[in-house]
Amino acid sequence: MEKRKAAMSSWSLEGKQSPAGWDPHLSRILFLLLLFVTSAQGVTPNLNPDACLVSQSSNGSSVSCHPPAKLPHSLPADTIYLAMEFLNLTQLPANTLQDVPNLQELHLSSNQLEDLSAKFLLPVPQLKVLDLTRNSLTRLPAGLFQVSAALHTLVLKENRLKGLEASWLHGLKALGHLDLSGNELQMLPPGLLANFTDLHTLDLGNNHLKTLPPDLLRGPLKLERLHLEGNRLQVLGEELLEPQPKLRYLFLSDNRLATVAAGAFRGLQRLDMLDLSNNLLTTVPEGLWTSLGKAAGNMKDGFDISGNPWICDRKLDDLYQWLVANEDKMFSRNDTRCAGPRALKGQMLLAVARSP
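Attention here is on the structure that accompanies the text. No experiment lies behind these values; they were computed from the predicted model shown.

Further remarks concern the overall build of the chain. In terms of regular secondary structure, the chain is built from four helices and 16 strands. Summarising the internal contacts of the chain: among those between residues at least 6 apart in sequence, 51% fall at separations of at least 24. Accessible surface computed for the chain: about 17,700 Å², of which carbon and sulfur atoms make up 53%.

What follows is the structure in structure tokens.
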């Protein structure tokens, strides 16, 4: 801002020669040209550091408020995009959005919001994207989404949620992307996602989950990406993933998995990537890998089973065969080693798999 003021002061508009030797008439022409180009691009010239940046298009206005801007007292009536980020907001009035009925995207990340009014989203039934990343929310008010049937992206990552209630999400009918990562979730209620039939991305990574309800994924049958990494899961049973024929990316790294059921991956016909790294797996049941289908049809984006304490005995014969058939898709080969028996400790799992 100071640079802009200095530059403007060097343009003499009173008919005097500028310090840099510019012709005053040329300076005036350049200044007016700058204003014209800025306006033509749909950006409102903003010389007030406390004001938000407003850009306009045929679809409506976009408003971006970042420091040092302050929370605006009013918004253009045709606002379709609103970002109020890094402003250290702890509260927002219930009527904040009352004058922007056409709002489609709302970004409130990196504030310190502690709660929201149940009436907060009532004025914006066309809202499609809501980003609440990095706030201090511990709960959501029941009824918050009662008119949010159009919302397809909800990001609640890096808040302080310790639990969820199904009632908090009532009203969401078109949700395709749900990000709950980086919270403090310890458990999830049964039926939480029962009505989310269009959900394609679910991120529950980096929470404190030890178990998951067996029916968690019975509703969203179009799921393509599932993030469960960075939790405290100990067992992967047969029921959780059974109804997921379209799942392509499965992230289970950095848990405490010691047991994976033989039928855990049954029905995953399109899995392109699997990450089981940094768990407590010593062995896996026969048939686990063959249920993933033929080598040429799966895992095109790779798999990772490194960082597990594998016991390289004959119980892994099924895994050995699968590894050799898919070794070109294997990540972190050098970190995928045997923890036992003693004669094989430290050897690469793939080398053992190749040996006669």
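Turning to the environment of P49, a few remarks are in order. When you line up the elements, P49 lands in the loop between α2 (24-40) and β1 (53-57). Accessibility expressed as a relative area gives 41% for P49, which makes it partly exposed. Spatially, the C-alpha atoms of P49 and H66 are 9.8 Å apart, while their sequence positions differ by 17 residues. If near-sequence neighbours (up to four positions away) are discounted, P49 is found in contact with P68 and A69.

Now for the pairing of strand β2 (residues 60-65). The sheet contact formed by β1 and β2 spans five bridges and is antiparallel. Within the sheet, the bridge partner assigned to S55 lies in β2 and is S62. The hairpin formed by β1 and β2 contains two residues between the paired strands. One ladder, built from five bridges, connects β2 with strand β3 (residues 79-84); its direction is parallel. The residue bridging S61 from the neighbouring strand is T79, located in β3.

Here we come to the state of the cysteines. For the structure shown, the criterion picks out two disulfides. In this model C52 forms its disulfide with C65; the gap between the sulfur atoms is 2.0 Å. On the S-S bond that ties C52 to C65, the torsion sits near 110 degrees, and the link is right-handed. Placement of C52 in the loop between α2 and β1 and of C65 in strand β2 is noted, with a sequence separation of 13 residues between them. As far as the burial class goes, C52 and C65 line up, both buried. Sulfur-sulfur distance for the disulfide between C312 and C338 comes to 2.0 Å. Sign of the S-S torsion, about -100 degrees for the bond between C312 and C338, identifies this disulfide as left-handed.

Below, the discussion takes up the sheet that holds β2. Two pairing modes exist for strands in a sheet, parallel and antiparallel, and in both the strands are linked by backbone hydrogen bonds. Overall, mixed pairing links the 12 strands, which are arranged β1-β2-β3-β4-β5-β6-β7-β8-β9-β11-β13-β14 in an open sheet. Among the strands making up the open sheet, the edge pair consists of β1 and β14 (303-304). Two elements, β3 and strand β4 (residues 105-107), share three bridges in a ladder whose sense is parallel. Note on β4: the bridge partner recorded for L82 is L106.

What follows concerns the pattern of salt bridges. A side chain with one charge may pair with a side chain of the opposite charge, provided their charged atoms come close. Following the criterion strictly, the structure yields six salt bridges and no others. Across the pair E158 and R134 runs a salt bridge whose closest N-O atoms are separated by 3.8 Å. With a gap of 24 residues between them, E158 in the loop between β6 (153-155) and β7 (177-179) and R134 in the loop between β5 (129-131) and β6 connect regions that are remote in the sequence. The partner of E238 in a salt bridge is R266, and the shortest N-O contact between them spans 4.0 Å. With a gap of 28 residues between them, E238 in the loop between β10 (235-236) and β11 (249-251) and R266 in the loop between β12 (259-260) and β13 (273-275) connect regions that are remote in the sequence. On the accessibility criterion, E238 (36% relative accessible area) is partly exposed.

Rules of the game
- Residues numbered from 1 in each chain as written.
- Predicted model: local features only at pLDDT ≥ 70, side-chain atom pairs only at ≥ 80, totals over all residues.
- Heavy atoms only, no water.
- Helix = DSSP H or I, 4+ residues; strand = E, 2+ residues; numbered from the N terminus.
- Contact = heavy atoms within 4.5 Å.
- Areas by Shrake-Rupley, 256 points an atom, 1.4 Å probe, with all protein chains shown as cover.
- Buried < 20%, exposed > 50% of the residue type's maximum accessible area, 1.4 Å probe, protein only.
- Pairing = 2+ DSSP bridges.
- Disulfide = S-S within 2.5 Å.
- Salt bridge = Lys/Arg side-chain N within 4 Å of Asp/Glu carboxyl O.

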